[in-house]
Amino acid sequence: MATFFGEVVVAPSRAGLDEEEEAREETPEDREIRREIEKKREIDVLWTWQAGGCAGEPLVCSRFIVAIGRNAAAFLSSFILDSVCWEVVGVVKLWNEWCRTSSTTNVLPTDSFCLFYRLISDPTVLLCQCSCYVAEDQQFQWLEKVFGSMQKKGLQVTILSTCPVADYKTQESTLTLVSPFLKALKTKEFQEQVCCLLLEQPNIVRDLPAA
Amino acid sequence: MFIPCDRGGDSAGPDFKGFTLLMPAVSVGNVGQLAIDLVISTLDMTKVGYFYTDCLVPMVGNNPYATAEENSTELSINAEVYSLPSKKLVVLQIRSPFIKNKYRPFCETLLSWVKSSKCARVVLLSSSHAYQRDDEQLLGTPLRYLLTPDLEKAVGGRMKELNWKEMEKVAAYPGISDTDKVLHIPGGGITKLLFTESCSEGIQMAVLLKFCSEGDNIPDAFVLVNYLNEWLQLIKSEVSTSSNSTDPSSQWKIPSSWRLLFGNGLPPALF
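What you see is a predicted model, and the numbers here were worked out from it, not measured in a lab. (Residues numbered from 1 in each chain as written. Chains lettered and ligands numbered in written order. Predicted model: local features only at pLDDT ≥ 70, side-chain atom pairs only at ≥ 80, totals over all residues. Heavy atoms only, no water.)

Some words on the overall build of chain A
- Along the backbone of chain A there are six helices and nine strands.
- In chain A, buried positions account for 33% of the 211 residues.
- Considering only contacts within chain A whose residues lie at least 6 apart along the sequence, 68% involve residues at least 24 apart. (Helix = DSSP H or I, 4+ residues; strand = E, 2+ residues; numbered from the N terminus. Buried < 20%, exposed > 50% of the residue type's maximum accessible area, 1.4 Å probe, protein only. Contact = heavy atoms within 4.5 Å.)

Re the sheet that holds strand S6 (residues 122–130) of chain A
Residues and elements named next belong to chain A.
- With mixed pairing, the six strands of this open sheet are ordered in space as S1-S4-S5-S6-S3-S8. The two strands at the open ends of the sheet, each matched to only one other strand, are strand S1 (44–47) and strand S8 (156–161). Taken pair by pair, the neighbouring strands of this sheet meet at an average axis angle of 20 degrees, ignoring direction.
- Taken together, the five bridges between strand S4 (residues 86–93) and strand S5 (residues 114–119) define a ladder with antiparallel strand orientation. Directly across from Trp86, in S5, lies its bridge partner Leu119. (Pairing = 2+ DSSP bridges. Axes fitted to C-alpha atoms, helices over the stretch in contact; angles between N-to-C directions.)

Brief notes about the interface of chain B and chain A
- Taken together, the contacts link 43 residues of chain B with 41 residues of chain A.
- Between chain B and chain A the total buried area reaches about 3,500 Å² when both faces are included, carbon and sulfur atoms providing 54% of it.
- Inspection of the region where chain B meets chain A yields zero salt bridges.
- Viewed at the interface, chain A and chain B are joined by six residue pairs in polar contact (both at pLDDT 80 or more).
- Of all the secondary-structure elements, those providing two or more residues to the side of chain B that touches chain A are strand S4 (59–62) and helix H2 (103–116) of chain B.
- A per-element tally of the side of chain B that touches chain A places S4(B) first, with four residues.
- Here three bridges tie strand S9 (residues 204–206) of chain A to S4(B), and the two strands are oriented antiparallel to one another. Following the sheet pairing, A:Ile204 is matched in S4(B) by B:Gly61. (Buried area = accessible area lost by both parts, 1.4 Å probe. Salt bridge = Lys/Arg side-chain N within 4 Å of Asp/Glu carboxyl O. Polar contact = N/O pair within 3.5 Å; in protein donor to acceptor, adjacent residues only side chain to side chain.)

Some remarks on the sheet that holds S9(A)
- Here we have three strands laid out as an open sheet, ordered S9(A)-S4(B)-S5(B), and antiparallel in their pairing. Sheet topology places S9 of chain A together with strand S5 (75–77) of chain B at the edges, where each strand pairs with a single neighbour. Each adjacent strand pair in this sheet contributes to an overall mean axis angle of 25 degrees, direction not counted.
- Two strands pair when backbone bridges link them, and S4(B) and S5(B) are joined in this way by three bridges, in the antiparallel orientation. Its bridge partner lying in S5(B), B:Gly61 is registered against B:Ser76.

A short note on the domain arrangement of chain A
Residue and element names in this part refer to chain A.
- In terms of domain boundaries, chain A breaks down into domain 1 (40–163) and domain 2 (166–210).
- Each of domain 1 and domain 2 has a C-alpha centre, and the two are 24 Å apart.
- Counting from both sides, the interface comprises ten residues of domain 1 and, opposite them, five residues of domain 2.
- Roughly 740 Å² of surface becomes buried between domain 1 and domain 2 when both sides are summed, with 67% attributable to carbon and sulfur atoms.
- If you sort the residues of domain 1 by the area they bury against domain 2, Ile68, Gln139 and Gln156 come out on top, with a joint share of 46%.
- We note a salt bridge from Arg63 to Glu192, for which the minimum N-O separation is 3.6 Å.
- At the junction of domain 1 and domain 2, the tally comes to two residue pairs in polar contact (both at pLDDT 80 or more).
- Going through the elements one at a time, strand S3 (63–68), helix H5 (136–148) and S8 are the ones with two or more residues in the side of domain 1 that touches domain 2.
- If you tally residues by element for the side of domain 1 that touches domain 2, the top one is S8, at three residues. (Domains from an automatic or database assignment.)

Topic: the pattern of salt bridges
Residues and elements named next belong to chain B.
- Under the definition given, this model contains 16 salt bridges over all chains.
- For Glu80, the salt bridge identified is with Lys47, shortest N-O distance 2.7 Å. A residue pair is termed long-range when its members are at least 10 positions apart, and Glu80 in strand S6 (residues 79–84) and Lys47 in strand S3 (residues 46–51) qualify at 33 residues. Side by side, Glu80 and Lys47 carry an identical accessibility label, which is buried.
- Close ionic contact of Asp54 with Lys102 constitutes a salt bridge, the shortest N to O distance being 3.1 Å. Separated by 48 residues along the polypeptide, Asp54 in the loop between S3 and S4 and Lys102 in the loop between strand S7 (89–94) and H2 bring together distant segments of the chain.

Details of a nonpolar patch on the surface
- On the surface, A:Phe75, A:Phe79 and A:Ile80 cluster together into a nonpolar patch covering about 310 Å² of accessible area.
- Among the structural elements, A:Phe75 can be located in helix H4 (residues 70–79). (Patch = residues over 30% accessible without salt bridge, like charges linked within 9 Å, V, L, I, M, F, W, Y side chains within 5 Å. Areas by Shrake-Rupley, 256 points an atom, 1.4 Å probe, with all protein chains shown as cover.)

Topic: the packing of aromatic side chains
- This model, assessed by the stated rule, comprises 19 aromatic pairs over all chains.
- Relative to B:Tyr52, the ring of A:Phe140 lies with its centre 5.2 Å away and its plane at 50 degrees, an arrangement referred to as tilted. Of this pair, A:Phe140 sits in helix H5 while B:Tyr52 sits in the loop between S3 and S4, on two different chains.
- Of the residues examined, A:Phe140 reaches a relative accessible area of 21% and is grouped as partly exposed.
- The partly exposed category is assigned to B:Tyr52, whose relative accessible area is 40%.
- Put simply, the rings of B:Phe2, B:Phe16, B:Phe19, B:Phe51, B:Phe98, B:Phe106 and B:Trp113 touch in pairs and so form one group of aromatic residues.
- Sitting over the face of the ring of A:Trp95, A:Lys40 holds its NZ or CZ atom 4.2 Å from the ring centroid. (Phe/Tyr/Trp six-rings, centres within 6.5 Å; stacked < 30°, edge-to-face > 60°. Lys NZ or Arg CZ within 6 Å of the ring centre and 35° of its normal.)

Some details on unusual backbone geometry
Residue and element names in this part refer to chain A.
- Here the residue pair Ser179 and Pro180 is connected by a cis peptide bond, since its omega of 0 degrees sits within 30 degrees of zero.
- Secondary-structure assignment places Pro180 in the loop between S8 and S9.
- Residue Gln201 is joined to Pro202 through a cis peptide bond whose omega torsion reads -5 degrees.
- With respect to the element layout, Pro202 can be found in the loop between S8 and S9.

So, H2(B)
- With 14 residues, H2(B) should reach 20 Å at 1.5 Å per residue; the first-to-last C-alpha distance of 20 Å fits that figure.
- Following H2(B) by one or two positions, B:Lys118 adopts a phi angle in the positive range, close to 60 degrees. (Expected span 1.5 Å × (residues − 1).)

As structure tokens, then:
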């Protein structure tokens, strides 16, 4: 593609294509490097009962609330979580270019972390605070490993997340939107009343909340 | 990979034996995907399932083909399958790009699903970078087709009748003569991989592509879907009485999700 200044550049494509990747055959060294990187990017979900050497039995869960992103995690910290009613039962350990979480459960609000809490009065209610960024190649793994530890029958999942207002597509100006600006998406199996309007087209949700 | 929705009484899921599978390649300008949106929206196709895959970037939203309040609240994700049994047509729509290093596994799983569901043939809508055309390709139609050997036997004659142009092979090493000619589809995403794999696995596949650039690709989508319609006759092209030309563009229904494709309206506070 020629720019206004006459230089020829490779045009970036919305389709997210990577020409170099296609053309090159993978050498054994490439394969080894790729495997090492994949291993480094693996996610570990550690539950507190596993530390005692117990077998991994599926967790009985009736309600699972997941807060993704710093804002949603802070919301739970401010209004829901306390050390009297909730106990930490698990942690996700991961690494990617944006953040690294550890297996410690003693975290500061400014850290990147992904912790699971259980309501002491009703141990089937689980809560997850995920303030770290889960990269797109790790999202499916996160899902399979977290939900894989749960018995999913009769499970109700609520996902809390935030998006920048600048991403919201609307005919009106975003300056006139009411605050707090809440929108929801729900599966058809969810029969309860939703506390706000549903997200209208052409808006979509991405990343871990979408996964 | 394929999960049927509404299992109901028919636990075996929908039957695609003998159907034509129409699908897009995620390619320059997303033209294939836009064209597929037009097909699904115009033919009012029913969703019959989705692909559960870790190969595509996750996304979710409400029904992109909603026409009224009642049908606007069905969730829609990144890879969904629609069907129209009356035309023996099954359509796959892909709504997000591939995750790095995952396009190969996706192609393998897709082709094995094509074989196991016994689809008669696959039609892949795609596009290629317009700026990579050579001098000859700059002239004439920007539309091209490709057929795997198995499909060539069945429909090659029809392409000649329609006066369609086959995608040219280019020299493997440009500038050096006497080199092998290879298929090169820059900006076509998985098009070349799917096509070459289909050739070697005996799958009947046709590729329909348009040369284009990134920008407002809605007109490109219309051109591509009309090209497809010349062959598959999915909708009737009305002959206009005033002129002899057929212009089916107005008969394709634009889905509601194409609103605000280039962002919001201008804030009044700007002025």
